[in-house]
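Architecture at a glance
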Amino acid sequence: MLKEERQQILLNEVELHNRILLTDIAESLDVSIDTIRRDVKELDAENKLKKVHGGAISLGFTNSNSRNTNIYALDQKVTIAQKAVTLLKDGAVIFIDGGTTCLELVRLIPDNLSLTCFTISLPVAMELSNKPNVTVISVGGQISKEAQISIGANAIHNLSEIKVDYSFIGTGYVDAVYGLTEFDWDIVQVKKAVIKAAKKTVLLSISEKLNSQHRYKTCDINTINTMITELDPSDRMLEVFRNHDIRIL
C-alpha cells in the first residue's frame with residue numbers, strides 16, 4: 001500500500017471516529033506502529049489532524065473556540081440535530097453529551113425554549129451559555145484534555161444523583177448486535193452513568209458509524225430508546241436496528 005493511500009485511510013478513520021489509537025490502525029493496515037507514528041507526525045505537520053499520546057484526534061473535534069467548519073460530515077450532523085431538536089419540550093430537564101453532533105444540536109435550540117441542561121462537555125457548556133432561556137449545569141470531574149469532557153469518579157458520582165428526561169449522546173461505534181462501544185475505558189464508564197441518569201436515551205449517530213465496534217461496551221443497542229441518523233427512518237440500512245425495540249428518527 002502506498003503511503004498516500006495509508007494516510008488517507010488514517011485520515012478517514014480519524015474524521016469518522018474523532019479519535020484513533022496508533023495500535024489499532026497499525027494492526028488493521030498490517031504495518032508497524034512506527035510507520036503509523038510517522039504518518040501521524042506528517043499529517044499533524046500538514047495541519048490535517050492533531051497528534052496526541054498514543055493516537056490522533058480530528059481538528060473538528062478539538063477546535064471549540066469559534067464556529068468550526070472543519071467538521072466531518074457536517075451536513076449529515078446538522079440533519080441529525082434538526083431531528084433531535086424536535087424532541088425538546090419547554091421546561092424539560094435534559095443531558096447533552098460532548099462531540100460535534102451534540103454541538104450542532106445545541107446550536108439549533110430555539111432561544112425561546114426554556115430548558116435545564118446538564119453536560120460533561122466544556123464546548124457544549126460554552127455554547128449553551130449563549131441560550132438565554134437555558135439553565136446550564138456543568139457536571140464536574142477530571143477533564144479529558146483530548147475529548148474536553150469530565151471523566152472519572154467525581155463525574156460518575158455527580159451523574160448518579162440526577163435524573164433527566166432525555167440524554168442525548170454520541171458514540172464512537174454502534175452495531176445492532178454488539179451495541180454501543182468505544183476504545184476509551186474512562187469514557188465508557190461515564191456514558192454508562194449518563195444512561196442510568198436518564199429516563200430515555202437518544203443516540204445521535206451518522207450512518208457511517210453503523211455496523212462498527214470496538215473494545216469496550218457502553219450498552220446493548222436496546223438500552224437506547226431512540227436512534228437518530230441522517231437517513232430516512234425507512235432506509236434499508238436501518239432495518240437490522242428496527243428489529244430491536246428502538247424508535248428510529
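About the cut-offs
- Within each chain, residues carry numbers counting from 1 in the order of the written sequence.
- Note on the predicted model: pLDDT of at least 70 is required for a residue's local features to be given, and 80 or more for side-chain atom pairs to be given and counted; whole-chain, interface and lining totals, by contrast, use all residues.
- Heavy atoms throughout the structure, all of them, feed into the side-chain values; hydrogens and water do not.
- Here, strands pair whenever DSSP counts at least two bridges between them.
- Runs of E in the DSSP output that reach at least two residues are strands. Runs of H or I that reach at least four are helices, and both are numbered from the N terminus.
- Inter-axis angles, ranging from 0 to 180 degrees, are taken between N-to-C directions of lines fitted to C-alpha atoms, where helices are fitted over the stretch in contact.
- Angles below 35 degrees are treated as roughly parallel, those above 145 as roughly antiparallel, those between 65 and 115 as roughly perpendicular, and all remaining angles as oblique.
- By convention the crossing between two helices is left-handed if the near helix lies anticlockwise of the far one by an angle smaller than a right angle, and right-handed if it lies clockwise.
- Residues count as neighbours in contact if any of their non-hydrogen atoms are within 4.5 Å of one another.
- Charged residues are taken to be Asp, Glu, Lys and Arg, nonpolar residues to be Ala, Val, Leu, Ile, Met, Phe, Trp, Tyr, Cys and Pro, and polar residues to be all remaining types, Gly included.

What to know about the sheet that holds strand 12 (residues 198–204)
Judged by pairing direction, the sheet is parallel, and its 7 strands sit side by side in the order 6-5-4-9-12-14-15 without closing on themselves. With partners counted over all chains shown, the strands left at the sheet margins are strand 6 (134–138) and strand 15 (247–248), one partner each. As paired strands, strand 12 and strand 14 (residues 226–228) are joined by 3 bridges and run parallel to one another. If you follow Leu-204 over to strand 14, its bridge partner there is Ile-228.

Details of the packing of helix 5 (residues 74–85) against helix 6 (residues 100–108)
Close contact between helix 5 and helix 6 brings their axes to 8 Å; oriented N to C, the two are set at 55 degrees. Compared by their axis directions, helix 5 and helix 6 come out oblique. Here helix 5 runs over helix 6; the crossing is right-handed. Here helix 5 contributes Leu-74, Lys-77, Val-78, Ile-80, Ala-81, Gln-82, Ala-84 and Val-85 to the contact with helix 6, which in turn contributes Thr-100, Thr-101, Glu-104, Leu-105 and Leu-108. Its residues assigned to classes, the contact of helix 5 with helix 6 shows 8 nonpolar, 3 polar and 2 charged.

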